[in-house]
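A closer look at the structure
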Amino acid sequence: APFINTANILENVHQEHDGTKTKIPASLEVCHIPITAKGGAYSGLYLFTDPARMLRPVINLDVGKVELIGPMAQAFMEVAVKADEVKVEKD
């Protein structure tokens, strides 16, 4: 999918990712690697379903739900440990 559509797909998957109302399991790791001018990892939307991955619960502030994230996804996220580390994006 073109990069523009990838962001929309990512947003929709995150909104439905709680595993209760949809067939998307809560243990699904959703990793978005954006296109950068600096190179690095191959950009795209990666979905991992292996049951033997190390996952940890975090609160997705955009939807207010607990989400399990894995090692690949958290490398491309900003995860706060303490409340004063939370960054609020301004529109």
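None of the values given here were measured: they were computed from a predicted structure.

Thoughts on the overall build of the chain
When helices and strands are counted, the chain shows two helices and four strands. Each helix (α) and strand (β) of the chain, taken in turn from the N terminus, gives the series α-β-β-β-β-α. Per-residue burial over the chain gives 20% buried out of 91 residues. Expressed as a percentage of contacts within the chain between residues at least 6 apart in sequence, the contacts between residues at least 24 apart total 37%. With an accessible surface of roughly 7,100 Å², the chain has 57% of that area assigned to carbon and sulfur atoms.

Here's the deal with the pairing of strand E1 (residues 29-33)
With respect to burial, E1 is a largely interior element, five of its five residues being buried. Where burial is concerned, the two faces of E1 agree: the one with Glu29, Cys31 and Ile33 and the one with Val30 and His32 are both buried. In the sheet, E1 pairs with strand E2 (residues 44-48) via five bridges, with the strands oriented antiparallel. The residue bridging Cys31 from the neighbouring strand is Tyr46, located in E2.

As for the environment of Val88
Mapped onto the elements of the fold, Val88 is located in the segment after helix H2 (71-74). Expressed as a C-alpha distance, the spacing of Val88 and Leu61, which sit 27 residues apart in the sequence, is 9.5 Å.

Description of a nonpolar patch on the surface
Together, Ile59, Leu61, Val66, Val86 and Val88 give the surface a local cluster of nonpolar side chains, amounting to about 520 Å² of exposed area. Tracing the sequence through the fold places Val66 in strand E4 (residues 65-69). According to the relative accessible area criterion, Val66 is exposed, its value standing at 56%.

Some words on the pairing of strand E3 (residues 56-60)
Pairing of E3 with E4, which is carried by five bridges, proceeds in the antiparallel orientation. What sits directly across from Asn60, in E4, is Lys65. Counting the residues that bridge the hairpin from E3 to E4 gives four residues, and of these Gly64 lies at a positive phi of roughly 70°.

Examining the pattern of salt bridges
Under the defined criterion, the tally for this structure stands at one salt bridge. For Glu78, the salt bridge goes to Lys87, with nearest N and O atoms at 3.5 Å. Neither Glu78 nor Lys87 differs from the other in exposure class; each is exposed.

Topic: the confidence of the model for the chain
Taken residue by residue, the chain gives an average pLDDT of 76. The fraction at 70 or more is 82%. Across the chain, the secondary-structure element scoring lowest on mean pLDDT is helix H1 (residues 3-15), at 71, and the one scoring highest is E3, at 86.

A short note on the side chain of Glu67
Position of Glu67 relative to the elements: it lies in strand E4. The charged side chain of Glu67 is buried without a salt bridge, its nearest counter-charge being Lys65 at 9.3 Å. Polar side-chain contacts of Glu67 include one of 2.9 Å to the side chain of Asn60.

The rules behind each value
Residues numbered from 1 in each chain as written. Predicted model: local features only at pLDDT ≥ 70, side-chain atom pairs only at ≥ 80, totals over all residues. Heavy atoms only, no water. Helix = DSSP H or I, 4+ residues; strand = E, 2+ residues; numbered from the N terminus. Buried < 20%, exposed > 50% of the residue type's maximum accessible area, 1.4 Å probe, protein only. Contact = heavy atoms within 4.5 Å. Areas by Shrake-Rupley, 256 points an atom, 1.4 Å probe, with all protein chains shown as cover. Pairing = 2+ DSSP bridges. Patch = residues over 30% accessible without salt bridge, like charges linked within 9 Å, V, L, I, M, F, W, Y side chains within 5 Å. Salt bridge = Lys/Arg side-chain N within 4 Å of Asp/Glu carboxyl O. pLDDT = per-residue confidence, 0-100. Lys, Arg positive; Asp, Glu negative; His and termini not counted. Polar contact = N/O pair within 3.5 Å; in protein donor to acceptor, adjacent residues only side chain to side chain.

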